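# Remarks on the overall topology
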Amino acid sequence: MKHELSAKRNGFYKIPHLIFFLTFIFLFTQISGQADISISGQVKDKNGVLAYVNVALKKESDSSLVAGSISNEEGRFVISKVVPGKYILETSFIAYQTNKQSLFIGTLNKFYDVGVITLLDDANVLSEIEVSAKQDEVTGKMDKKVFTLENNVSQQGGTILQAIQNLPGVTTQDGKVQIRGSDKVVVLIDGKQTALTGFGNQTSLDNIPASAIDKIEIINNPSAKYDANGTAGIINIIYKKNKQEGFNGKVGLAGGLGALWIKKDNLPGIRPQYQNTPKVNPSLSLNYRKNKLNIFAQGDYLLTHTLNKNEFVDRYYNDGQVIRQQTKRNRNTTIGTAKAGFDWMPNEFNQFSLSALYSSEHILDNGDEPFYNRDLSDQQRLWKFLEDELKTTVTASGTYVHKYKQPGHHLSLGLNYTFHREDEKYNFTNILPSYSGFDAFKLLSDEHVTDFTMDYVKPLKYGRVEGGVKFRYRNIPTNMQFIPGLNSPLDTNAGGWANYEETIPALYGNYVLENKKFELEAGLRIEYVNVNYEVNPNHNTYKSNGYNYTQPFPNVRLGYKITSNSKISAFYNRRVDRPNEVDIRIFPKYDDAEIIKVGNPALNPQFTNLYELGYKKSWKNGYVYAAAYHRSAQGTITRIASTIPGSTLIYSIMQNANKSYNTGLELLLSQDIKKWFSFNVNFNGYQNIIDPFTVENKYPVVNTFTAEKQSVISYNAKFNGIVHLKNKWDVQLAAIYLAPDLIPQGKINTRFSLDIGVKKQIQKGKGEVFLNATDLLNTMQIKKEIQGKDFKYYSADYYETQVVRIGYNYKF
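Residues numbered from 1 in each chain as written. Predicted model: local features only at pLDDT ≥ 70, side-chain atom pairs only at ≥ 80, totals over all residues. Heavy atoms only, no water.

This part takes up the overall build of the protein. When helices and strands are counted, the protein shows two helices and 46 strands. Seen through its C-alpha atoms, the protein measures out along the principal axes to roughly 105 × 65 × 55 Å. Expressed as a percentage of the 812 residues in the protein, the buried residues total 56%. A fraction of 69% describes how many contacts in the protein between residues 6 or more apart in sequence connect residues 24 or more apart. When the accessible surface of the protein is split by element, carbon and sulfur atoms take 57% of a total near 33500 Å². Here the protein contributes 94 positive and 79 negative side-chain charges, whose respective centroids are spaced 5 Å apart. (Helix = DSSP H or I, 4+ residues; strand = E, 2+ residues; numbered from the N terminus. Buried < 20%, exposed > 50% of the residue type's maximum accessible area, 1.4 Å probe, protein only. Contact = heavy atoms within 4.5 Å. Areas by Shrake-Rupley, 256 points an atom, 1.4 Å probe, with all protein chains shown as cover. Lys, Arg positive; Asp, Glu negative; His and termini not counted. Charge placed at Lys NZ, Arg CZ, Asp CG, Glu CD.)

With that settled, the discussion passes to unusual backbone geometry. Cis geometry is found at the peptide bond from Tyr699 to Pro700, where omega equals -5 degrees. By the element assignment, Pro700 lies in the loop between β36 (693-697) and β37 (703-707). Phi at Lys764 is positive, roughly 55 degrees, even though this residue is not glycine. Inspection of the secondary structure assignment puts Lys764 in the loop between β42 (751-762) and β43 (767-774). Although it is not a glycine, Asn778 adopts a positive phi angle of roughly 60 degrees. Mapped onto the fold, Asn778 is located in the loop between β43 and β44 (782-787).

Moving on: the side chain of Thr638. Along the chain, Thr638 turns up in strand β32 (residues 637-642). Setting aside anything within four residues of it in sequence, one finds Thr638 in contact with Ile653, Met654, Gln655, Ala657 and Pro744.

With that settled, the discussion passes to the confidence of the model for the protein. Per-residue pLDDT for the protein averages 86, and the proportion of residues at 70 or more is 92%. Within the model, the stretch residues 123-137 combines pLDDT values under 50 with 67 contacts to residues more than four positions away or in other chains. (pLDDT = per-residue confidence, 0-100.)

Attention shifts here to the pattern of salt bridges. Enumeration according to the criterion identifies 36 salt bridges in this entry. One salt bridge connects Asp451 with Arg472, and the closest N-O pair in it is separated by 2.8 Å. Of this pair, Asp451 sits in strand β23 (residues 436-460) while Arg472 sits in strand β24 (residues 463-483), and the two are 21 residues apart along the sequence. For the pair Asp451 and Arg472, a shared accessibility class is recorded, and that class is buried. Among the salt bridges present, the one from Glu521 reaches Arg557, with a minimum N-O distance of 3.8 Å. (Salt bridge = Lys/Arg side-chain N within 4 Å of Asp/Glu carboxyl O.)

Moving on, we come to the sheet that holds strand β33 (residues 650-656). Taking strand neighbours across the sheet as the criterion, the three strands line up as β29-β33-β32 in an open arrangement whose pairing is mixed. The open sheet has two edge strands with one neighbour each: β29 (595-598) and β32. With strand direction ignored, the average angle separating the axes of adjacent strands in the sheet is 30 degrees. Taken together, the six bridges between β32 and β33 define a ladder with antiparallel strand orientation. (Pairing = 2+ DSSP bridges. Axes fitted to C-alpha atoms, helices over the stretch in contact; angles between N-to-C directions.)

A surface patch of nonpolar side chains, about 1000 Å² in accessible area, is lined by Phe247, Val251, Leu284, Leu286, Tyr288, Leu293, Ile295, Phe342, Trp344, Phe352, Leu354 and Phe812. Elements with a minimum of two residues in the nonpolar patch: β16 (246-258), β17 (277-290), β18 (293-317), β19 (322-347) and β20 (350-372). Here Trp344 shows up in strand β19. (Patch = residues over 30% accessible without salt bridge, like charges linked within 9 Å, V, L, I, M, F, W, Y side chains within 5 Å.)

Further remarks concern the nonpolar core. In this structure, Tyr590 and Tyr699 are the most contacted members of the largest nonpolar core, which totals 52 residues. Ignoring sequence-local partners within four residues, the contact set of Tyr590 consists of Trp383, Phe428, Phe441, Phe482, Pro489, Leu490, Asp491, Ile596 and Tyr699. If you look at the next biggest cluster of nonpolar residues, it comprises 26 residues, including Phe147, Leu167, Val185 and Ile189. (Core = buried A, V, L, I, M, F, W, Y, C linked by side-chain atoms within 4.5 Å.)

Of the two faces of β37, only the one carrying Asn703, Phe705 and Ala707 is buried; Thr704 and Thr706 on the other face are not. Sheet analysis places β36 next to β37, joined by five bridges and oriented antiparallel. Across the sheet, residue Phe693 finds its bridge partner in β37, namely Ala707. Between β36 and β37, which pair antiparallel one after the other, the connecting turn spans five residues.

A few words on the sheet that holds strand β7 (residues 85-92). Taken in spatial order, the four strands of this open sheet run β5-β4-β7-β8, and their pairing is antiparallel. Looking at which strands have only one partner, the edges of the open sheet turn out to be β5 (65-70) and β8 (99-105). Direction aside, neighbouring strands of the sheet carry axes that sit 20 degrees apart on average. Here five bridges tie strand β4 (residues 54-59) to β5, and the two strands are oriented antiparallel to one another. Looking across to β5, one finds that Ala56 is bridged to Gly68.

The description of two aromatic rings rests on the distance between their centres and on the angle between their planes. One pass over the structure, following the stated rule, counts 28 aromatic pairs. Relative to Phe677, the ring of Trp676 lies with its centre 5.9 Å away and its plane at 35 degrees, an arrangement referred to as tilted. Overall, the relative accessible area of 22% leaves Phe677 in the partly exposed class. Relative to Tyr737, the ring of Tyr715 lies with its centre 5.8 Å away and its plane at 35 degrees, an arrangement referred to as tilted. (Phe/Tyr/Trp six-rings, centres within 6.5 Å; stacked < 30°, edge-to-face > 60°.)

Here the focus is the pairing of strand β46 (residues 803-811). Where β16 lies against β46, nine bridges are found, and the strand directions are antiparallel. Across the sheet, the residue bridging to Lys250 is Lys811, located in β46. Alignment of β43 against β46, held across eight bridges, turns out to be antiparallel. Residue Ala773 lies in a different strand from β46, and its bridge partner there is Val804.

What follows concerns the environment of Lys589. The topology assignment puts Lys589 in the loop between α2 (581-584) and β29. Counting along the chain gives 63 residues from Lys589 to Ile526, while the straight-line C-alpha distance between them is 36 Å. Ignoring sequence-local partners within four residues, the contact set of Lys589 consists of Glu424, Tyr426, Ile596 and Lys597.

Here we take up the environment of Glu708. Residue placement: Glu708 occurs in the loop between β37 and β38 (710-725). Relative accessible area serves as the criterion here: at 63%, Glu708 is assigned to the exposed category. When the C-alpha atoms of Glu708 and Val55 are compared, they prove to be 69 Å apart, with 653 residues separating the residues in sequence. Non-local contacts of Glu708, meaning those with residues more than four positions away in its chain, are made with Ile690 and Pro692.

Our next topic: the environment of Asp455. Tracing the backbone through its elements, the reader meets Asp455 in strand β23. As for Asp455 and Gly106, which are separated by 349 residues in sequence, their C-alpha atoms are 24 Å apart. Residues contacting Asp455, with those up to four places away along its chain left out, are Lys225, His410, Leu411, Ser412, Gly467, Gly468 and Tyr508. Within polar-contact distance, the side chain of Asp455 engages the side chain of Tyr508 at 2.6 Å. (Polar contact = N/O pair within 3.5 Å; in protein donor to acceptor, adjacent residues only side chain to side chain.)

Written out as structure tokens, the structure reads:
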């Protein structure tokens, strides 16, 4: 059945009073510096254009010359590499009155167009002109933070997920990234969604080498240019691509060991858990640029053995039953990734780019799940499994950019295609006192996604306008085959085929205005979404379903410049989280024998309103940034755990809960104490609230779950310090503390980790060696408390977090 969704306006909710401890954090990387701004215009007189006119840019304070240019045959001129400030633009030519204009270069645009400058032969002086310019950094609109990974010593040789978890305002939980306490985060690669990291959801972040990445952007308040999904924000992962002239590149090799000590011993009667797990990560990036052609290629290989999961769960039922279990997963992973492409500039007005990426990820899990009674005297069941999963991803991207004569004025067209295959094979040995059964299932899922985009940007005298369209078609056929054994616990009637089809056309417009004191950015994105989800008509629970809607997604930012070094900005953003295909997938997932995950094809989108007030103060050697925010969500997407009468099995099913709220304060401080020492601290405190709700679970039989209101005040703090020693030695220390937090039907307890890294530059700066350790004290563990209708359970996951790595990189 298909149903219409209508927009509901979420009002302001009273922001609860929060008392936060001033504790700190941080981010290990440095934030981009001065903007690279271009000033352009055209010189005329009353009869037409004027060529070969002198144009000089001078400081307003002392009239010293900063840069100059001469107009071409069309009267146009360009002055590049200008930094923000107050200037005088002086235009002079023989037989004409010299024209002087006050110019204010702001921080909102890379390009500033003064328009037409008319030279007169009398004493008239043109009125003052104010300009805007901006490079999208944390120092500008405060909607985005940009972090380079080159100096991230403590995480070199690791994965993207490990690198991201040290960034301010970002945490990780169950292999997913959270921004300000929410995992509704969209992850982009080079500004685009791909199956490598998921379309709306997050996948494989712990399996992408950080060695392939140049920088990471955290976008808390996306403009209308971005897709509307991702209510918590966007993380944009930017791959390396050098543009230096000639042939150059970088080669690296890192290796390491994890699980050096056992955090918690196994329950009796199962295979040993992994120890001293090896890690190997070779990488190579190449680039060749000459004249109008830029060619790039890179490859990364990651081989890891990991104690991926070591979770102990104690379940207590209202009838007095107690079940104690362990899920131990020894994982072998091999991942090969290659990316290549070229940029061709036939002339100064046109550019063509083509790139392709191939990734093959092979995961082999050997796992054991024993189930015991209260005092561990009786093994009631042993569930042994072998998972063999192969993920293949291919992406192709083509872009054409036409640049007009006015700098910053351009039209771009893009076509992107992604193919992703998920091929899983699970084999189980179900050992009980009276018999042993051998069961299996196979899942095959192919994902095809095609995106077409068109974007247009035109600089104005005081800002810019931009707009564009996007069209997406996405198709995911899946097939689940259950192969039951003796007295099989598998629900064989819940298998079969399903087909997910998604069509999304979107239109957006954005306007930016800036003067000496005020800034305005306002945009609107309109999306139509049509989702069809056809399922096997013989499925024992779910029938064909889908949804469609047409919704507006506005964004507004107002900024006020208190001084040249301090600014305050207010944000409003409306966004959506559409259900992921995995979240509505109709097949039960048996990677846990007695806590079974199931999707829900009746799941609806979650709409969110975000309000934020930000302040930034800069000084010579540092800055402080503060933001207060409030996020309210309607139809919160979450998992609900429930039981059915006569069974101790727990079914964890995706549902739309009621309204939820996230209100908090983020603080970020960066300071260079001396040339040899700098530190960064970050604190994020917030209150999470989920209103009371009642949902109906249809699988495996209809049952109702009701939850009371949940509320918790939580925070996380991060610290990062870097010491630059003599002879080009660098030492980095990073600490993370996560306070208890709210999760559906319960809470997650305190987490803490300490990372350290040492790097030494060699070979005249072209080479470097490093040694680092993540979770040095081996303290990171995930403890949860879950309360159901007829049960409660406590879990503690002592998975592998401590890894020691050594590596070498060389630039040529």
